[in-house]
Amino acid sequence: MRTFEFKGGTLALNFVDTVAYRQGPCVDLLGEPADLATWASLAGYEIGGAPSVAALEGARTLREAIWRSLGAAMEGRGPEKGDAEIINAAARQTPFRPQFTDDGMTHTAEKPVDALLSGVAADAILRLQPEARARLRRCPGCQMYFFDTSPPGKRVWCSSAVGCGNQFKKKRHYARTSKTKNNTKAMETGHDRQAGLFRL
Ligand SMILES: [Zn+2]
């Protein structure tokens, strides 16, 4: 079973983040239809097992349209017309609706895949509005998108506790300590040279 990350903070951003390491080697975590069912279930929606290959393709098409639109938003632009049409079409489908159960609630839909993508598309439209763009972030480490809901709004990394922020801190620490070691080594070499000069 695939391991999915839910670091995006919203349904649409988590969905876009199902492609990991876009800067390379670019891993599509929705590699086969069953992966979409797994992701949906982890996101809180049951789509009734693996969908068709065509349904997965549709999901990927929507995902890439949102991804391109996020890139445009990061540069202060709206989505391209074709991408806006793809997202709008998905958002027009009937979404999941909550229903009471004996012990809580569930989400149901006549067309679960369409309903899932409708929710994703609707969330994307909200996050791509000019007033929401200021909270969009792209992690400098893994390139994953996330919505910064922290009160100061100054989050940089997809995750500060584990993941890229932590990796960055480790690298910075290593760079500092190895620099110190190199300096010490250079100083020692200098001393040796001086000692050699004295010996001469
Ligand atoms: Zn990251």
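For clarity, every value in this text was computed on a predicted model and none was experimentally measured.

### Some remarks on the nonpolar core
Core analysis: the biggest nonpolar cluster contains 38 residues, and Leu62, Ile66 and Val120 have the highest contact counts within it. The set of elements that each furnish at least two residues to this core consists of α1 (11-16), α2 (33-42), α3 (53-74), α4 (81-91), α5 (112-127) and β6 (145-147). Tallying contributions element by element places α3 first for this core, with 8 residues. Residues within four places of valine 120 in sequence aside, it is in contact with Leu11, Ala12, Phe15 and Leu62.

### Considerations on the packing of α4 against α5
Between α4 and α5, the least distance of the axes is 7 Å, while the angle of their chain directions is 130 degrees. Relative to α5, the element α4 is oriented oblique. In this structure, α4 crosses over α5, and the sense of that crossing is left-handed. In contact with Ile87, Ala90 and Ala91 of α4, α5 contributes Leu117, Ser118, Ala121, Ala122, Ala124 and Ile125.

### Looking at α2
Burial in α2 covers these residues: Leu36, Ala37, Trp39 and Ala40. Seen along its axis, α2 keeps its buried residues to an arc of 165 degrees; they face one direction. In this structure, the buried residues of α2 make contact with α3 and α5. A positive phi of about 105 degrees marks glycine 44, the residue just after α2.

### A short note on unusual backbone geometry
The peptide bond linking glycine 24 to proline 25 adopts the cis configuration, its omega dihedral lying at 10 degrees. Despite not being glycine, tyrosine 21 has its phi angle at roughly 55 degrees, a positive value. Position of tyrosine 21 among the secondary structure elements: in the loop between β1 (19-20) and β2 (27-28). With a phi angle near 60 degrees, cysteine 26 is a residue other than glycine that sits in the positive phi range. Among the structural elements, cysteine 26 can be located in the loop between β1 and β2.

Thresholds, definitions, all that
- Residues numbered from 1 in each chain as written.
- Predicted model: local features only at pLDDT ≥ 70, side-chain atom pairs only at ≥ 80, totals over all residues.
- Core = buried A, V, L, I, M, F, W, Y, C linked by C-beta atoms within 7 Å.
- Buried ≥ 20, exposed ≤ 12 C-beta atoms within 10 Å, placed from the backbone.
- Helix = DSSP H or I, 4+ residues; strand = E, 2+ residues; numbered from the N terminus.
- Contact = placed C-beta atoms within 7 Å.
- Axes fitted to C-alpha atoms, helices over the stretch in contact; angles between N-to-C directions.
- Parallel < 35°, antiparallel > 145°, perpendicular 65-115°, else oblique.
- Left-handed = near helix turned anticlockwise from the far one by under 90°.
- Arc of directions from axis to C-beta.

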